[in-house]
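These are the residues of each chain, in order.
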Amino acid sequence: MGRLTSLPSAVVTDDSVLGGAVIERSLRFYDDDSTHLSRTPSSASNRRTWTWSGWVRRSEISSTQGRLFGAGNTSSDYFSIYFPSGDEFRVLWYEGSQKLTTSAQVFRDSNSWYHFVVAVDTTQAVGGNRILMYANGVLLGRIQNDPAQNFETSVNSTSEHNIGKWVSTVASYFDGYIAEVNFVDGFQLTPSSFGYTEFQTGIWRPKGYFGSYGTNGFRLDFSDNSATTAVTLGKDRSGQGNDFTPNNFSVSAGVNNDSFLESPTAKKEFATFNSNLQTSSSTEYRQGNLAFYTSGSATVQTRANMSRNSGKWYAEFTLTTFTVRSGSYPYIGVAQAENFSNTWTGSSGTAYQSQGGIWRNSSNIENGYSTYAAGDVISVAINLDSSPPQVWWAKNGSYIRSGANPSTLTAGVNIEPASTSGTYTFTASLFANPGQWDANFGQRPFAHSVPTGFKTLNTDNFSINTPSIIKPQKHFDSLIYSGTGSTQSITGLEFKPDLVWIKKRNDAAFHQIFDTVRGATKGLFPNSTNAEYQDSGNLQSFIEGGFTADGFNGTNASGGTYVAWCWKGGGNSNTFNVDGKGYASASAAGITEGNLAITGASINREAGFSIVKFTANNDASATIGHGLNSKPKFVVVKDTANSDDWQCKFIDDNMYVSFNHNTAGSTSYGNFTATDTLINLGYTWNNGSGTHVAYSWTNVPGYSKIGKYKALTSTDGAYVDLGFRPAFILIRPTNNFGGSDQNYSTWGLWDSTRSTSNVVTYGGMLTVNTNYAEQVRGNGSNDGALAAFDILGTGFKVRQSSYEVGYSGDYYYMAFAEQPGESPYHTDTNAR
């Protein structure tokens, strides 16, 4: 199909069921090739009122980009929509002098799509309504100039109009992908003309525009890639005949083909290199993230932006250029998906070096194989179904080890180190002057045969997986509210909560945790060792959609502003509750019982969360059931009857940490572990003889992820791949900070309800182990303006070089989704 449409009722697809439409192709723009589209209207039309809409996926960030759309190229005739070097979204025009309006947020997610709309009507009486900018359906906050009323823009004049190019003093070009461009002449429209929020997932999706386009209006879908002409690749599908001339694009087979199946609705999306990873000043991602280039004095590593935990996968990598720097060489291979470290691939994965050696875990394990150089194609085949997983390499079609044959699964090399998450991905590194790896993950024909049973890394080859959670807000969400000093109901959730964690934002006050197993009014302080307290002035009851609170300072004081993080458990209709049903006993609820009985439970197996209560007996061999039927990844236990530390453990690690202090993690209390059904308490979790509560969370793909990442001490810090767009992020270093930073708070909490756009700053951080307000860190300093990280469509990217999220060493994290990473509707998360 060449046209994006709402499909007729006789045709049923995932998108038509949801009311949307399919975008079939995108066009890749590459600045080094000067690719752009151009058109000069034969006559002027409405220069005061018009709307531009386009779907965009960026490749290059933190540099000024050629215009997404605009007109005029002289010093006194221009209007440009583009990204400046600060990564904001900007409109720039000439009106006697240069004027601009710039978004208050930044846009630098290179793995996900954005939908941008610029709607202009200079006839509006109110200046702020004359240029409106939107991203993913939301009106952007702006730092702005307003054009004069009835100002005539360069757009819809007889000046040259461009997509992908802007000539000011020198020409600059856009680098990335653009899909489904609509320009409507004569109307100031809203994003709802081009997209909608899908109600089941909350994701912004495209829909067909069927209104008038006006004289110079156009629609470009780039669907005809039979040639690079104005009536094929640049054809206007609006019916107005306003075709654009393609410049410097290629649709021939090979590395330079600029026509792609990738799109915001693609069911077959191929992997690329992941430019969200740390780079250096002399590193570039080129060709739409399919080329990795460096000319710097440090080794730099990259990885594919897709990872898998099973299956057999094949890709090809061409060493397009390479000039050696002393003592270092190219490496290509496979690595664990987590704990990215920006160093040579042979130290953090299993790799084939250009001098003919195989390196693994920093050791040269084999030598004497074929060397490779610029122009050679290296095939990499990985089998993740074997134990341990294995990898094969071929140089120009010939596998390098004696008897090596991935088709028969013989003579492969074991992949190490093992991945704690079970997921792996392709990886490459360079130390060159200069050098470039070009990747082919199946976007174009391979140079050599794909081994029998192996597949290309694209979403069409991934197993069909209908996740248990399509809308995360039915299981976790955050509420913000203002205190009244008297009883009020705080609502807005799509569920009745079983765990509510409240923190006052604008003043020092203890964190408050309440749950339905212990009962409303019974609070715990995460930042304190205090025992449980009961006070009707706190949270009074759990209700549908939220909770009621009275006038206590920690929950609802007059003049206070608050955030409440809320989780759905199994309900509270009986003593033992699982997935909304109540039972009188643990066995009736299907909870595997340990040798120490639990006395109450609320368990949401679908969302991987449980609350259980038990009475300790000080026996190191005691076990209790957690009820999840899956090994928890993070367990928190508190003695509710006595003053004692909060006992916290990320189960895949052997280190004990505590909510209520920032000291280094300890391995001295590592005897508490967990299985798919039981928690092995040890003395630490089973101390004394009082009542205890245990909160347990496990990973649910597309909804929650708990793990560990390695800090990279740079402002271009670690990228943490979650597989979804997060709504909540908890971060804690495995150790305490060194030097003068050791007094800083170590547990950081952020959420997208308070931090609605990027960059997420320390102004949105609350610290579990202190009672501080927002913006105040553990040393008492106010560092609210410091950047912490960006929330991305598939995870988060650390942007601060020190303190809580990027000082040094390893960091634990726990995150919950705002938008699901996968759904049965092939929806991709929106970039933010």
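Everything here concerns the structure above.
As the structure is a prediction and not an experimental result, all values here were calculated from the model.

Undergrad: Can you lay out the overall build of the protein chain for me, pointing to particular residues and giving the numbers?
TA: Within the protein chain, the secondary structure is distributed over four helices and 64 strands. Projecting the C-alpha coordinates of the protein chain onto the three principal axes gives extents of approximately 85 × 75 × 60 Å. Of all 832 residues assigned to the protein chain, the portion counted as buried reaches 61%. Taking the intrachain contacts of the protein chain between residues at least 6 apart in sequence as the baseline, contacts between residues at least 24 apart amount to 68%. Roughly 27,100 Å² of accessible area belongs to the protein chain as shown, and the carbon and sulfur atoms make up 45% of that amount. For the protein chain, the centre of its 58 positive side-chain charges and the centre of its 67 negative side-chain charges are spaced 1 Å apart.

Undergrad: I'd love a proper account of the sheet that holds strand β54 (residues 678–680), names of residues and values included.
TA: Here we have three strands laid out as an open sheet, ordered β49-β54-β53, and antiparallel in their pairing. Two strands lie at the open edges of the sheet, namely β49 (623–625) and β53 (673–674), each paired on one side alone. Here β49 runs beside β54; their pairing, made up of three bridges, is antiparallel. Bridging from a neighbouring strand, Gly625 pairs with Leu678 of β54.

Undergrad: An account of the pattern of salt bridges is requested, with residue identities and associated values reported.
TA: Note that side chains of opposite charge can pair when their charged atoms are close. Summed over all chains, the structure comprises 29 salt bridges. We note a salt bridge from Arg108 to Asp790, for which the minimum N-O separation is 2.4 Å. One end of the pair, Arg108, is in the loop between β7 (98–106) and β8 (114–121); the other, Asp790, is in strand β62 (residues 787–792), and 682 residues separate them in sequence. A salt bridge links Lys471 to Glu494; the nearest nitrogen and oxygen atoms lie 3.0 Å apart. Taken together, the positions of Lys471 in the loop between β35 (455–456) and β36 (476–482) and Glu494 in the loop between β37 (488–491) and β38 (499–504) put the pair 23 residues apart, joining distant regions of the chain.

Undergrad: Requested: an account of the sheet that holds strand β42 (residues 539–543), with residues and values cited.
TA: Taken in spatial order, the three strands of this open sheet run β37-β43-β42, and their pairing is antiparallel. Among the strands making up the open sheet, the edge pair consists of β37 and β42. Averaged over all neighbouring strand pairs, the angle between strand axes comes to 20°, with direction disregarded. The pairing of β42 with strand β43 (residues 546–549) spans four bridges and is classified as antiparallel. From the neighbouring strand, Leu539 faces β43, where its bridge partner is Ala549.

Undergrad: Lay out the state of the cysteines in plain terms, naming residues and giving numbers.
TA: Disulfide: a covalent bond formed between the sulfur atoms of two cysteine residues. Tallied over the entire structure, the rule returns zero disulfides. Here Cys566 stays free of any disulfide, with the sulfur of Cys648 as its closest cysteine sulfur at 19 Å. Looking at Cys648, the relative accessible area reads 0%, which means it is buried.

Undergrad: I'd like a rundown of the pairing of strand β23 (residues 300–303), residues and numbers included.
TA: Both faces of β23 are covered, namely the face carrying Val300 and Thr302 and the face carrying Gln301 and Arg303. Note that β23 and strand β33 (residues 424–430) share four bridges and pair antiparallel. Bridging across to β33, Thr302 finds its partner in Ala428.

The rules behind the values
Numbering of residues starts from 1 in each chain and follows the order in which that chain's sequence is written. Under the rules for a predicted model, residues below a pLDDT of 70 receive no local features and side-chain atom pairs below 80 are neither given nor counted, while totals for whole chains, interfaces and linings still include all residues. As a convention, hydrogens and water are excluded, and side-chain values are obtained from all of the structure's heavy atoms. Secondary structure is summarised from DSSP: a helix means a run of H or I of at least four residues, a strand means a run of E of at least two, and numbering begins at the N terminus for each. With a 1.4 Å probe rolled over the protein chains alone, any residue whose accessible area is under 20% of its type maximum counts as buried; one over 50% counts as exposed, and the rest are partly exposed. By definition in these notes, contact holds between two residues if any of their heavy atoms fall within 4.5 Å. In this description, accessible areas are obtained by the Shrake-Rupley approach with a 1.4 Å probe, and a residue is regarded as covered only by the protein chains that are shown. None of His or the chain ends enter the tally, which takes Lys and Arg as positive and Asp and Glu as negative. To locate a charge, the coordinates of NZ of Lys, CZ of Arg, CG of Asp or CD of Glu are taken. Pairing between strands requires that DSSP locate at least two bridges from one strand to the other. Here, a salt bridge means any side-chain nitrogen of Lys or Arg that lies within 4 Å of a carboxyl oxygen of Asp or Glu. Axis geometry follows a simple rule: fit a line to the C-alpha atoms, using only the stretch in contact for helices, then measure angles between N-to-C directions, giving values from 0 to 180 degrees. Here, a disulfide means two cysteine sulfur atoms that sit within 2.5 Å of each other.

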